[in-house]
Amino acid sequence: MLHLFPLFSIVGLILVVLGIALGARRRRRKRKAAAGRIPSEFEELVGMTSRQERDFVRHYAAHDFTGEGAIVDLGCWMGSFTLPLAFGLRKNPRLSGRKIGLHAYDLFRWQDWMNQSLAKTRWAGRYKEGDDFRDAFVEQVAPVADLVTIHAGDLNKETWDHTEPIEYLVIDAMKSWELTNSVVRNFFPALRPRLSLVHHQDFVHYYTPWIHLIMHRFRNYFEPLTYVPEGSFIFTYREAIPRALLEKPYGFDDFSAEEAADAFEYSLTLVPAEARENVYAARIMMHIHRQDWTAARADLERVQAAGIPQGRELTLVSGLLDNHKE
Ligand SMILES: C[S@@+](CC[C@H](N)C(=O)[O-])C[C@H]1O[C@@H](n2cnc3c(N)ncnc32)[C@H](O)[C@@H]1O
């Protein structure tokens, strides 16, 4: 028995060392996770973005942003991306002392549908349709006000100096073809290949099918980077888009049925299973925007026949079809 003692002690020693190593790894992982997270005070930040999306932009600004271009937040609303982006910038060791442009654009005109995002917050009931809500943005981003330039105005008219590179372009304002064309014409020329990222917050929103059409049309110039729950897709700008393609105005009629079908198939390959329903909903919405109710109904039936689980977004477009009287 005695001769087994050294064996037990060696095994014991190995187990102790393994335990210490695993504990250290767990602590390192926890620290890493904590470093990428928004400080707890921002979990309560009022906004239409998810915690994962806020974490993503903060982590990007702190670790990946080089400072060679500006950060532009289109459709900033009350700043739920602006604030984490600015906090990330403050933590970015590459930027020490350098003044970085963080530009927030919005119309700052209240619309009643925005009220749903204010329920149970201190802002509830403060604004009515048409009110200027810029003060709410200013109040929320107060801790980082020194980093933020506010552009209050209509993005259909706003312009950007194309010689000023944009390194990170957040788009949460492509709510129509007109806005899509303005963003493409006025902001895309400032993107720089192999530097810039484009963050589409509405990538899987049912209402915005033009995003799928335009990003598919430009697919050779962008590389898909990642999906961020609950709705964002990030693209890397790979190669310069010819100026003529940026200046041309686009609409549904610029896309054949085949190209549109390919565009949605492409988007479906980019997002995880749980977000695909939304892409199908956007495809049906394309027909609704075009007032082609027959095609919309046929598409919904095709999606249902394929057994695609019907969640919030498909229910929404299905409701639009039910309520439409020919
Ligand atoms: C879905 S919200 C954005 C949410 C925001 N990104 C956040 O962090 O919570 C869309 C925003 O786009 C803005 N918007 C819509 N049309 C606009 C336009 N023509 N010009 C400027 N901003 C516009 C709205 O005022 C609204 O704040």
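Above this text is the structure in question.
Residues numbered from 1 in each chain as written. Predicted model: local features only at pLDDT ≥ 70, side-chain atom pairs only at ≥ 80, totals over all residues. Heavy atoms only, no water.

A. Focus on the overall build of the protein chain. In terms of helices and strands, the protein chain carries eleven helices and seven strands. When each of the 326 residues of the protein chain is scored for burial, the buried share is 49%. Relative to all contacts within the protein chain whose residues are 6 or more apart in sequence, the contacts with residues 24 or more apart total 73%. Accessible surface, the protein chain: about 16,600 Å² in total, of which carbon and sulfur atoms supply 55%. (Helix = DSSP H or I, 4+ residues; strand = E, 2+ residues; numbered from the N terminus. Buried < 20%, exposed > 50% of the residue type's maximum accessible area, 1.4 Å probe, protein only. Contact = heavy atoms within 4.5 Å. Areas by Shrake-Rupley, 256 points an atom, 1.4 Å probe, with all protein chains shown as cover.)

B. Quick look at the pattern of salt bridges. Tallied over the entire structure, the rule returns 17 salt bridges. A salt bridge links aspartate 55 to arginine 51; its shortest N-O distance comes to 3.5 Å. Taken as a pair, aspartate 55 and arginine 51 lie in helix H2 (residues 51-63) at a separation of four residues, close to a single helical turn. For glutamate 139, the salt bridge identified is with arginine 126, shortest N-O distance 3.5 Å. With glutamate 139 in helix H4 (residues 134-140) and arginine 126 in the loop between strand S2 (102-106) and H4, this pair connects stretches of sequence that are 13 residues apart. Among the charged side chains, a salt-bridge network with shared partners connects Arg122, Arg126, Asp135 and Glu139. (Salt bridge = Lys/Arg side-chain N within 4 Å of Asp/Glu carboxyl O.)

C. Just the nonpolar core, in detail. Counting residues in hydrophobic clusters, the biggest one holds 63 residues, and the most contacted among them are Leu169, Phe187, Phe188, Phe218 and Phe222. Among the elements that make up this core, the one with the highest residue count is helix H9 (residues 273-289) (nine residues). Two domains each put at least three residues into this core: domain 1 (42-252) and domain 2 (272-323). Not counting the four nearest positions on each side in its chain, phenylalanine 222 is found in contact with Phe188, Leu191, Val198, Met215, Phe235, Thr236, Tyr237, Arg238 and Ile241. (Core = buried A, V, L, I, M, F, W, Y, C linked by side-chain atoms within 4.5 Å. Domains from an automatic or database assignment.)

D. Broad picture of the pairing of strand S4 (residues 166-171). Of all six residues making up S4, six are buried, and the element is well covered by its neighbours. Judged from the five bridges that link them, strand S1 (residues 70-74) and S4 form a sheet pairing that is parallel. Residue pairing for S4: aspartate 73 is matched across the bridge by valine 170. Relative to strand S5 (residues 197-200), S4 runs parallel, the two sharing four bridges. (Pairing = 2+ DSSP bridges.)

E. Just the environment of leucine 74, in detail. Along the chain, leucine 74 falls in strand S1. Overall, leucine 74 belongs to the buried group, its relative accessible area being 0%. When the C-alpha atoms of leucine 74 and leucine 155 are compared, they prove to be 8.1 Å apart, with 81 residues separating the residues in sequence. The residues contacting leucine 74, other than those within four sequence positions of it, are Tyr105, Leu155, Leu169, Val170, Ile171, Asp172, Ala173, Val183 and Phe187.

F. Geometry of unusual backbone geometry. Residue glutamate 230 is bonded to the preceding proline 229 through a cis peptide linkage, with omega at 10 degrees. Tracing the sequence through the fold places glutamate 230 in the loop between strand S6 (222-228) and strand S7 (232-237). Even without a glycine there, the phi angle at phenylalanine 108 is positive, about 55 degrees. Within the secondary structure layout, phenylalanine 108 lies in the loop between S2 and H4. Positioned with a positive phi, lysine 120 is a non-glycine residue whose angle comes to about 60 degrees. Note on placement: lysine 120 falls in the loop between S2 and H4.

G. A look at the site of the ligand. Near the ligand lie 19 residues; those nearest to it are Met48, Ser80, Asp106, Leu155 and Asp172. Within the backbone of leucine 155, an N or O atom sits 2.8 Å from a nitrogen atom of the ligand. For the ligand, the accessible surface in isolation is 600 Å², of which the surrounding protein chains cover 94%. Of the residues contributing to the shell around the ligand, the split by class is nine nonpolar, six polar and four charged. (Near = heavy atom within 4 Å. Polar contact = N/O pair within 3.5 Å; in protein donor to acceptor, adjacent residues only side chain to side chain. Nonpolar A, V, L, I, M, F, W, Y, C, P; charged D, E, K, R; others polar.)

H. Main features of the layout of surface pockets. Of the volumes computed, that of the second largest pocket is approximately 210 Å³. If you go around the second largest pocket, you meet 14 residues; those closest to its centre are Ala257, Ala260, Ala261, Met286 and His287. Counting residues per element, the ones that place at least two in the lining of the second largest pocket are helix H8 (257-270), H9 and helix H10 (293-305). A total of five residues in the lining of the second largest pocket trace back to one element, the largest contributor, which is H8. (1 Å grid on protein atoms, 1.4 Å probe; cavity = no way out; pocket = protein on both sides within 12 Å on 5 of 7 lines; lining within 4 Å. Points joined across faces, edges and corners; volume = space filled by probe spheres on them.)

I. Inspection of the packing of helix H6 (residues 209-217) against H8 at higher detail. Running from amino to carboxyl end, H6 crosses H8 at an angle of 95 degrees, the nearest separation of the two axes being 9 Å. Accordingly, the angle class assigned to the pair H6 and H8 is roughly perpendicular. Residues Pro209, His212, Leu213, Met215, His216 and Arg217 of H6 pack against Glu259, Ala260, Asp262, Ala263, Phe264, Tyr266 and Ser267 of H8. Its residues assigned to classes, the contact of H6 with H8 shows seven nonpolar, three polar and three charged. (Axes fitted to C-alpha atoms, helices over the stretch in contact; angles between N-to-C directions. Parallel < 35°, antiparallel > 145°, perpendicular 65-115°, else oblique.)

The values are spatial; any link to function lies outside them.
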